[in-house]
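Spelled out from the first residue to the last, the chains are:
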Amino acid sequence: MSIFDIANKYIPGGVNSPVRAFKSVNLEPIFIEKANKAYLYDINGKEYIDYVCSWGPMILGHNNEQIRNNVIKACENGLSYGAATKLEVDMAKFICENVEHIEKIRMVNSGTEAVMSAIRLARGYTGKEKVIKFDGCYHGHSDSMLIQAGSGLMTEGIPDSSGVTKNCTIDTISIPYNNLEILEEVFKKHSDNIACVILEPVGANMGVVLPNDNFLKGIRDLCDTYKSLLIFDEVITGFRLGFGGASQYFNITPDLVTYGKIIGAGMPVGAYGGKKEIMDMIAPNGSVYQAGTLSGNPIAMTAGLTQLKILKENKNIYDNINNMSKYLFENIKDIITRNNIECSVNYIGSLGSIFFTKENVYDYISAKKSDTKKYANYFKNMLDNGIYIAPAQFEAMFISSEHNKDIIDKTLNIIEYSLKNIK
Ligand SMILES: *Cc1c(COP(=O)(O)O)cnc(C)c1O
């Protein structure tokens, strides 16, 4: 019996998060035993160059020595106390002092939780009910965010998962990304009842989709006009597009920000933060309830804070990662042009995507034009040749500081081979 067979016997679908099952690439999952720097090793000892990086958190590569040592030391003091620690204070202070638009921050255990809590807070603070999101943006699996794409404008939101009731999504409106006209229409229609607009300032869960010039500024302006909050879901972009995330990169100040992934350095961590006046509505100061048995866990805080400090203190780190990323993606574009392959590439900073459509991808509908069968074929070629990319088309490729030029050159050769040999 294979491990996947055993997994299927005891875990639904054999996995603890659906994408890991490799269903959309029609393969069986690989099982990872360990990871180091830019590499993953499966249980058969096969080595892969890793461009998933745990879906983003491992921006310093796997098994970073300093993080590992600090975590081991922290473990010697016990794993959890369910009481306040100095570590949580250090973490919060560090973020607030170094990210301009964060005045207070609350730690949680996942990106899902961060978003769910930020939305509750936005509703509590504004006294309004509706939430606008964008088709193709992922905000975790809380009920109100599991709404079908493109269902919002005409009628109330339709749930995208069974088990989510109509009433859970009735106040969520989902509209196309990069489309300010539709956003304005929705604002006009529900003028006094929009609690917040939430988005990924760079879409990274429909493949990588960049905001058009003025899109983010336009949203900010509409939120100001209608007295609604702007929430940037920076679970992926936070501490990746530079230390100040997308907010700083695009110079737009959101009211609330959600974090996850990099902030935990591979431990289960999320956070939400923003303006003091808003954050002070959270219990025990205010009337918006939110809690967590393991929130601010000392081991998780140690891992996350160590990673953030390394990112902050090594001034060139983002330049270096971004340069490697540019080298990778510009060369991929070259390969595509040279070989006349029907693909397009979107990238920014250290994340990007190859879409299997030659058309420009700027929203969910254009992303969906990708030929996912071709992606599956490409994925298999890459995997066979020791490169691990996301086992699904609509995800990002992530670069870490351990992806050096040699590794990327080797990757480019295999990408060229893999793209040319799609059956
Ligand atoms: C991953 C992700 C989430 C959910 O985070 P989890 O830790 O998986 O719950 C939310 N928003 C965005 C933008 C994400 O990429």
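Residues numbered from 1 in each chain as written. Predicted model: local features only at pLDDT ≥ 70, side-chain atom pairs only at ≥ 80, totals over all residues. Heavy atoms only, no water.

## A few points about the overall build of the chain
For step 1, the next point in the chain: For the chain, the count of helices and strands is 14 helices and 14 strands.
For step 2, the next point in the chain: Here the C-alpha radius of gyration of the chain, 21 Å, is about what a compact globule of 423 residues would show, namely 22 Å.
For step 3, the next point in the chain: Dimensions of the chain, computed from the C-alpha atoms along their principal axes, are close to 55 × 55 × 45 Å.
For step 4, the next point in the chain: When each of the 423 residues of the chain is scored for burial, the buried share is 55%.
For step 5, the next point in the chain: Nonlocal contacts in the chain, meaning residues at least 24 apart in sequence, comprise 71% of its contacts between residues at least 6 apart.
For step 6, the next point in the chain: For the chain, the accessible surface area stands at approximately 18900 Å², while carbon and sulfur atoms represent 49% of it.
For step 7, the next point in the chain: Counting 43 positive and 47 negative side-chain charges, the chain places the centres of these two groups 2 Å from one another. (Helix = DSSP H or I, 4+ residues; strand = E, 2+ residues; numbered from the N terminus. Rg over C-alpha atoms; globule rule 2.2 N^0.38 Å. Buried < 20%, exposed > 50% of the residue type's maximum accessible area, 1.4 Å probe, protein only. Contact = heavy atoms within 4.5 Å. Areas by Shrake-Rupley, 256 points an atom, 1.4 Å probe, with all protein chains shown as cover. Lys, Arg positive; Asp, Glu negative; His and termini not counted. Charge placed at Lys NZ, Arg CZ, Asp CG, Glu CD.)

## Regarding the site of the ligand
For step 1, the next point in the chain: Taken together, the residues surrounding the ligand are S110, G111, T112, Y138, H139, G140, E200, N205, D233, V235, I236 and K261.
For step 2, the next point in the chain: With respect to the ligand, the side chain of T112 contributes an N or O atom lying 2.6 Å from an oxygen atom.
For step 3, the next point in the chain: One of the side-chain N or O atoms of K261 is found 2.7 Å from an oxygen atom in the ligand.
For step 4, the next point in the chain: For the shell around the ligand, the residue count by class is three nonpolar, six polar and three charged. (Near = heavy atom within 4 Å. Polar contact = N/O pair within 3.5 Å; in protein donor to acceptor, adjacent residues only side chain to side chain. Nonpolar A, V, L, I, M, F, W, Y, C, P; charged D, E, K, R; others polar.)

## Observations regarding the pattern of salt bridges
For step 1, the next point in the chain: Across all of its chains, the model carries 15 salt bridges by this definition.
For step 2, the next point in the chain: Measuring nitrogen to oxygen at the nearest pair gives 3.3 Å for the salt bridge that ties E97 to K93. With E97 and K93 both in helix α3 (residues 86-98) and four residues apart, the pair spans about one turn of that helix.
For step 3, the next point in the chain: A relative accessible area of 55% places E97 in the exposed class. (Salt bridge = Lys/Arg side-chain N within 4 Å of Asp/Glu carboxyl O.)

## Side note on the pairing of strand β3 (residues 47-50)
For step 1, the next point in the chain: Across three bridges, strand β2 (residues 39-42) lies against β3 in antiparallel orientation. The partner of Y41 across the bridge, within β3, is E47.
For step 2, the next point in the chain: Hairpin connection from β2 to β3: four residues lie between these consecutive antiparallel strands, with G45 at a positive phi of about 85°.
For step 3, the next point in the chain: Bridge count between β3 and strand β13 (residues 387-388): two bridges; the pairing is parallel. Bridge pairing in β13 links D50 to Y388. (Pairing = 2+ DSSP bridges.)

## What to know about the side chain of D255
For step 1, the next point in the chain: Checked against the element boundaries, D255 lands in the loop between α8 (245-250) and β9 (256-259).
For step 2, the next point in the chain: You can call D255 buried: its relative accessible area is 5%.
For step 3, the next point in the chain: Within the local environment of D255, its side chain forms a polar contact with the backbone nitrogen of L230, the two atoms lying 2.8 Å apart.

## Examining a nonpolar patch on the surface
For step 1, the next point in the chain: Taken together, the side chains of M1, I6 and Y10 make up a nonpolar region of the molecular surface, amounting to roughly 400 Å² of accessible area.
For step 2, the next point in the chain: Within the fold, Y10 resides in helix α1 (residues 3-10). (Patch = residues over 30% accessible without salt bridge, like charges linked within 9 Å, V, L, I, M, F, W, Y side chains within 5 Å.)

## What to know about helix α11 (residues 317-338)
For step 1, the next point in the chain: Spanning 22 residues, α11 covers 31 Å between terminal C-alpha atoms, matching the ideal 32 Å at 1.5 Å per step.
For step 2, the next point in the chain: If you check which residues of α11 are buried, you get I317, Y318, I321, S325, L328, F329, I332, I335 and I336. Angularly, the buried residues of α11 cover 130° about the axis, an arc narrow enough to put them on a single face. Opposite the buried face of α11, by more than 90 degrees, sit the exposed residues T337 and R338.
For step 3, the next point in the chain: On its buried face, α11 sits against α10 (298-313), β11 (344-348), β12 (351-355), β14 (397-398) and α14 (405-420).
For step 4, the next point in the chain: Immediately downstream of α11, the backbone of N340 shows phi near 55°, a positive value. (Expected span 1.5 Å × (residues − 1). Arc of directions from axis to C-beta.)

## A word on the packing of aromatic side chains
For step 1, the next point in the chain: In the structure shown here, the tally under the stated rule is 15 aromatic pairs.
For step 2, the next point in the chain: When the ring of F134 is compared with that of F215, the centres are 5.4 Å apart and the planes differ by 75°; the resulting orientation is edge-to-face. In this pair, F134 is assigned in strand β5 (residues 130-134) and F215 in helix α7 (residues 215-225), connecting sequence segments 81 residues apart.
For step 3, the next point in the chain: Looking at F134, the relative accessible area reads 0%, which means it is buried. (Phe/Tyr/Trp six-rings, centres within 6.5 Å; stacked < 30°, edge-to-face > 60°.)

In short, the description is geometric, and any link to function would need to be established separately.
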